[in-house]
Amino acid sequence: MKALEGIRVLDFSRVFAGPDSTQIMGDYGADVIKIEEPERGDDARYFGATKSELDAQGGVSSSFLTFNRNKRSVVLDLGCEAGRVVARRLARQADVILNNFRPGAMAKWGLGYDDVRAGNPGVIFATFYAYGKAGPMMHYGANDLALQAHSGLMSITGDADRPPVRSGSAVIDLHASLALVSAISMALFHRQRTGEGQEVDTSLLLSSAHLMNYFYSDYWITGSLHARMGTANHLSVPNQAFPASDGMVIIIAPNDEMWSRCVKALDPVALGDPAFARSSDRLSRRGQVVSALSAVTSRFTCAEILARLSAVKVNVSKVNDIGEAANHPQLAAVDGIVSYERHGKPVKVVASPFNLRGTPATVERPAPELGEHTREVLAGFGFATDEIDRFATEGAFGNATI
């Protein structure tokens, strides 16, 4: 039996963070029903891809393939009453309902938490907000980059003598997706013990604050406003990228014992200055330490540095490009890659970010076509064929052929 087998998830979310949450649940056995707008569907179906790329990938973008396996797609027009009636009936039988609409949107359609729990008191109603359900910015729209800016993350990202830059990945989105999976899992456990459902939520704001938590605490406690330091870190030295003869490596030696091992492994003469021996001294002599260590590392290849430092348990990594990281055998060794077929073509994507060894994740379905499972799902929820046809004529599914 899979960990979430028997759990029905009604997923109204779009783009990255919400779909990532429900995909993780689907990987572990939940029946995830993706509700999409007729004709258009989830915007992520087309993100970042040209028409020729979409045609080569079966009509959808790699972004959509990344976040939508193990789901069934149902098209519903929530702008018409027939579509909302169908959605409400589905909601009465769902264990989990997840959305990332702006505050008030689900209630406007008669699908808010109070509406749903009246007929389904055990439901876990999960909402993913931008800034939250209250406060002066609750109605602001936002995405990952907006919260990188708002949270101060951009202010500490990049080089000191250049403008702030964004993190290369959607770090706040994906961090929040795991938060919502955690909240839903705890709510399901609580329901198992008590029979009670509940409303749970997260937001880009809470996710970004959690990523920035030790910077905020340092500011509240000491008044410190940390600034951009490139790849360096204010907590310790060395803790940044260093040049090798064929690339860059990260070396992190935050305590004196690890620094001593680093010195002995690389060059005891060049790095053995007693003024560098204590962590507090290395912080106050940051520039000198970095210069000395850079002069040493530039004589070695990345592979040589990794071999020397890993052997003495100093934290070290090569700065890989995307291809090097994706194809590194370590990722496959920890079950970090999922491969399956969609329309006869291979699809390779990243697995869920944790493993349950007793109830492992599996891929039962590829990312769906828009509305592919509408009739199948409705029949499984007790809709008769003539009912489905009637709702179709009333516009519940837009102009889609189901």
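Before going into details, it helps to say that this report is about the structure given with it. Bear in mind the structure is a predicted one, so any value in this text is a computation, not a measurement.

Spatial ordering of the open sheet is given by 7-8-9, a layout of three strands whose pairing is antiparallel. Single-partner strands in this sheet number two, and they are strand 7 (239-244) and strand 9 (315-318). On average, each strand axis in the sheet is tilted by 25 degrees relative to the strand beside it, whichever way the strands run. Docked against the sheet, helix 14 (residues 286-297) engages strand 7 and strand 8 (247-252), running at close to 35 degrees with respect to strand 7.

Enumeration over the complete set of coordinates arrives at eight aromatic pairs. Ring centres of Tyr 131 and Tyr 140 lie 6.1 Å apart, and the angle between their planes is 85 degrees; this geometry places the pair in the edge-to-face category. With relative accessibility at 10%, the residue Tyr 131 sits in the buried group. Geometry around Phe 381 places Arg 8 over its ring, the cationic atom sitting 3.8 Å from the centre.

Mapped onto the fold, Thr 157 is located in the loop between helix 7 (144-150) and helix 8 (171-194). Residues within four places of Thr 157 in sequence aside, it is in contact with Pro 164, Val 165, Arg 166, Ser 167 and Arg 228.

In spatial order, the strands read 3-2-1-4-5-6; together these six strands make up an open sheet with parallel pairing. Where the open sheet ends on each side, the last strands, each with one partner, are strand 3 (71-75) and strand 6 (198-203). Averaged over all adjacent pairs, the angle separating strand axes in this sheet is 20 degrees, with direction ignored. Pairing analysis gives six bridges linking strand 5 (residues 124-129) to strand 6, with the strands arranged parallel. Bridge assignment links Phe 128 to a residue of strand 6, and that residue is Thr 202. Packed onto the sheet, helix 9 (residues 204-211) meets strand 5 and strand 6 and runs at close to 60 degrees relative to strand 6.

Looking now at helix 14. Along its twelve residues, helix 14 runs 16 Å from first to last C-alpha, staying within 8% of the 16 Å computed at 1.5 Å per residue. Regarding helix 14, the residues found buried are Val 289, Val 290, Ala 292, Leu 293, Ser 294, Val 296 and Thr 297. Tucked into the core, helix 14 has its buried residues touching strand 7, strand 8, helix 11 (256-266), helix 12 (268-271), helix 13 (279-284) and helix 15 (302-311).

With that out of the way, let us pick up helix 9. All of the buried residues along helix 9 are Leu 204, Ser 207 and Ser 208. Along helix 9, the residues classed as buried sweep out an arc of 95 degrees about the axis, all on the same side. Close packing links the buried residues of helix 9 with strand 5, helix 7, helix 8 and strand 6.

Before going further, it helps to spend a moment on the pairing of strand 3. Taking burial as the measure, the five residues of strand 3 include five buried ones, the bulk of the element. Neither face of strand 3 is exposed, since Lys 71, Ser 73 and Val 75 on one face and Arg 72 and Val 74 on the opposite face are all buried. For strand 2 (residues 31-36) and strand 3, the ladder comprises five bridges, and the chain directions are parallel. Bridging across to strand 3, Ile 35 finds its partner in Val 74.

Turning to unusual backbone geometry, a few remarks are in order. That bond from Val 237 to Pro 238 is cis: its omega, 0 degrees, falls within 30 degrees of zero. One can find Pro 238 in the loop between helix 10 (213-222) and strand 7. Phi is positive for Asn 70, close to 55 degrees, though the residue is something other than glycine. In this structure Asn 70 comes out as buried when scored by relative accessible area, which is 5%. Phi at His 343 is positive, roughly 55 degrees, even though this residue is not glycine. Here His 343 lies in the loop between strand 10 (337-342) and strand 11 (345-350).

This brings us to the pattern of salt bridges. On inspection of all chains with the given rule, the structure shows 25 salt bridges. Here Asp 267 ties to Arg 299 by a salt bridge, and the two come within 2.9 Å at their closest N and O atoms. Of the two residues, Asp 267 is situated in the loop between helix 11 and helix 12 and Arg 299 in the loop between helix 14 and helix 15; the sequence distance between them amounts to 32 residues. Under the relative-accessibility criterion, Asp 267 is labelled buried at 14%. For Glu 394, the salt bridge goes to Arg 390, with nearest N and O atoms at 3.4 Å. Residue classification places Arg 390 among the partly exposed residues on the basis of a relative accessible area of 39%. Each of Asp 31, Arg 72, Arg 365 and Glu 376 takes part in a single network of salt bridges with overlapping partners.

With that out of the way, let us pick up a nonpolar patch on the surface. Judged by side-chain polarity, Tyr 219, Trp 220, Ile 221 and Leu 225 come together as a nonpolar surface patch covering roughly 580 Å² of accessible area. Residue position: Ile 221 is located in helix 10.

What follows deals with the packing of helix 9 against helix 10. Interaxial distance between helix 9 and helix 10 falls to 4 Å at its minimum, and their mutual angle equals 70 degrees. Judged on the interaxial angle alone, helix 10 and helix 9 are roughly perpendicular. Touching Ala 209, His 210 and Leu 211 of helix 9 are Asn 213, Tyr 214 and Tyr 216, all from helix 10.

Along the chain, Ser 177 falls in helix 8. Once residues lying within four places of it in the same chain are set aside, the contact partners of Ser 177 are Ala 17, Asp 20, Ser 21 and Phe 128.

Time to look at the layout of surface pockets. Roughly 710 Å³ of volume is contained in the largest pocket. For the largest pocket, the lining is made up of 26 residues, of which Thr 66, Phe 67, Ser 169, Leu 174 and Val 350 are closest to its centre. Of the residues assigned to the lining of the largest pocket, the class counts are 14 nonpolar, eight polar and four charged. For the second largest pocket, the calculated volume is near 590 Å³. Lining the second largest pocket are 23 residues, with Val 15, Asn 100, Ala 142, Asn 143 and Leu 204 positioned closest to its centre. Contributions of two or more residues to the lining of the second largest pocket are made by strand 5 and helix 7. Here the lining of the second largest pocket is built from residues that sort into 15 nonpolar, three polar and five charged.

Conventions and cut-offs
Residues numbered from 1 in each chain as written. Predicted model: local features only at pLDDT ≥ 70, side-chain atom pairs only at ≥ 80, totals over all residues. Heavy atoms only, no water. Pairing = 2+ DSSP bridges. Helix = DSSP H or I, 4+ residues; strand = E, 2+ residues; numbered from the N terminus. Axes fitted to C-alpha atoms, helices over the stretch in contact; angles between N-to-C directions. Contact = heavy atoms within 4.5 Å. Phe/Tyr/Trp six-rings, centres within 6.5 Å; stacked < 30°, edge-to-face > 60°. Buried < 20%, exposed > 50% of the residue type's maximum accessible area, 1.4 Å probe, protein only. Lys NZ or Arg CZ within 6 Å of the ring centre and 35° of its normal. Expected span 1.5 Å × (residues − 1). Arc of directions from axis to C-beta. Salt bridge = Lys/Arg side-chain N within 4 Å of Asp/Glu carboxyl O. Patch = residues over 30% accessible without salt bridge, like charges linked within 9 Å, V, L, I, M, F, W, Y side chains within 5 Å. Areas by Shrake-Rupley, 256 points an atom, 1.4 Å probe, with all protein chains shown as cover. Parallel < 35°, antiparallel > 145°, perpendicular 65-115°, else oblique. 1 Å grid on protein atoms, 1.4 Å probe; cavity = no way out; pocket = protein on both sides within 12 Å on 5 of 7 lines; lining within 4 Å. Points joined across faces, edges and corners; volume = space filled by probe spheres on them. Nonpolar A, V, L, I, M, F, W, Y, C, P; charged D, E, K, R; others polar.

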